[in-house]
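These are the residues of each chain, in order.
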Amino acid sequence: MTALVRRSLPGLVAWLCGLLFFLPFAWMVLTSLHGEQDAATNPPRVGAALTLDGYREFFGASTGASPWPPLINSATASVASTLLVLALALPAAYALSIKPVRKWTDVLFFFLSTKMLPAVAGLLPLYLIARNAGMLDNIWLLVILYTSMNLPIAVWMMRSFLAEVPKEILEAASIDGAGLPTTLVRIVAPVAMPGIAATALISFIFSWNELLFARVLTGVVAGTAPVFLTGFVTSQGLFLAKVCASAVCVSLPVLIAGFAAQDKLVQGLSLGAVK
C-alpha cells in the first residue's frame, strides 16, 4: 500500500496543481453565463440561471460595437510580430550556439539587459517618437514594438534549443556544400522544430495579451482585443458578467493555439532535459 501511494502521489499532486490553475478560468466561464445581478452577488450564486446575455453584449447586441476589428488587429500584430521574431531569432541563435561569435556571453547579457527596464519607463519616449513619425494608432507600430519586446526572450530560448542540434549533421551539410540559408531552413529548422514552436507560441501569447502599449499608442483604428476588453469597465460601474464573457472570447485564440501546439511545447521546453 505504501508503494502504491508513493507511486500515485506525484500524479495526484500534478492533477491538483492543474485543477488549481484551471479553477479561475472555469469560474470566469461560469460567471460569464450568469446575469449581471447574479454575477454581482457576494458570495456568487453558483446555481443561478444561465444566460448568454454577456456574450451578446460582447458582440454588440445593444451598443452595436463590433469586436471583430480589435480581434483582427490583435491577430495581425501577434502573427506578424511572431513571424518577424522567428526570422530574426533563428540566425541570431545559430550565431550564439552552433557558430558562436566572439564574446557571445556579452551578447546574451545585452539581450537580457533590454528586459530589465520596466515597460512603463519607456512609454513616454515611445509615444513621442510615434507621434513625430506619424505612427500613432497604427497597427504596424505595435508589430515593431512586439517584435523588439519578444526578440530577446526568443533568442535566449532558441539558443538553448539549437545547442542540442547534433554537430555531425551540420558537418555533413557543410561537406555537401550547403550554405548558411540552406543549413538554417532545411537542416536546423526541422531538427529544432519543437523549440521553434515553443518560442513561437510564447511570443504569440505575449503579443496577444499586451495591453500597456496598445492602450496608450492606439485609438479607434488600431485598438487591439485587450483594449476593447477594458471598454466594458465604465464610469457607470463594473459589469462583471460582460467582462467575463469578453475575457473568455479574447482568451480563446490563445487557448486554441496552446492546445494545438501542446505536444511541440512540451518537447521544446524539455529539449535537452535528459542530458
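Definitions and limits used
Residues numbered from 1 in each chain as written. Predicted model: local features only at pLDDT ≥ 70, side-chain atom pairs only at ≥ 80, totals over all residues. Heavy atoms only, no water. Axes fitted to C-alpha atoms, helices over the stretch in contact; angles between N-to-C directions. Helix = DSSP H or I, 4+ residues; strand = E, 2+ residues; numbered from the N terminus. Parallel < 35°, antiparallel > 145°, perpendicular 65-115°, else oblique. Contact = heavy atoms within 4.5 Å. Core = buried A, V, L, I, M, F, W, Y, C linked by side-chain atoms within 4.5 Å. Buried < 20%, exposed > 50% of the residue type's maximum accessible area, 1.4 Å probe, protein only. Disulfide = S-S within 2.5 Å.

Some points on the packing of helix 10 (residues 193–209) against helix 13 (residues 240–260)
Where helix 10 contacts helix 13, the two axes come as close as 10 Å, and the packing angle between them is 175 degrees. With respect to helix 13, the axis of helix 10 lies roughly antiparallel. Two secondary-structure elements touch here, helix 10 through Leu-201, Phe-204, Ile-205, Trp-208 and Asn-209 and helix 13 through Val-250, Pro-253, Val-254, Ala-257 and Gly-258.

Concerning the nonpolar core
Grouped together as the largest cluster of nonpolar side chains are 25 residues, with contacts concentrated most on Leu-90, Ile-98, Met-158, Leu-162 and Val-188. Breaking this core down by element, the ones donating at least two residues are helix 4 (68–97), helix 5 (104–113), helix 7 (139–162), helix 8 (167–175), helix 9 (180–191) and helix 10. No other element matches the seven residues that helix 4 contributes to this core. Counting 17 residues, the second largest nonpolar core, distinct from the first, contains Trp-208, Ala-225, Cys-249 and Val-254.

A word on unusual backbone geometry
Despite not being glycine, Asp-137 shows a phi value in the positive range, around 60 degrees. Mapped onto the fold, Asp-137 is located in the loop between helix 6 (123–132) and helix 7.

Description of the side chain of Thr-183
Relative to the helices and strands, Thr-183 is located in helix 9. Here Thr-183 falls in the buried class, since its relative accessible area comes to 6%. Those residues in contact with Thr-183 that sit more than four places away from it in its chain are Tyr-94, Leu-170, Ala-178 and Val-188.

Quick look at the state of the cysteines
Applying the stated criterion across every chain yields a total of zero disulfides. For Cys-249, which is in no disulfide, the shortest distance to another cysteine sulfur is to Cys-244 and amounts to 11 Å. Overall, Cys-249 belongs to the buried group, its relative accessible area being 13%.

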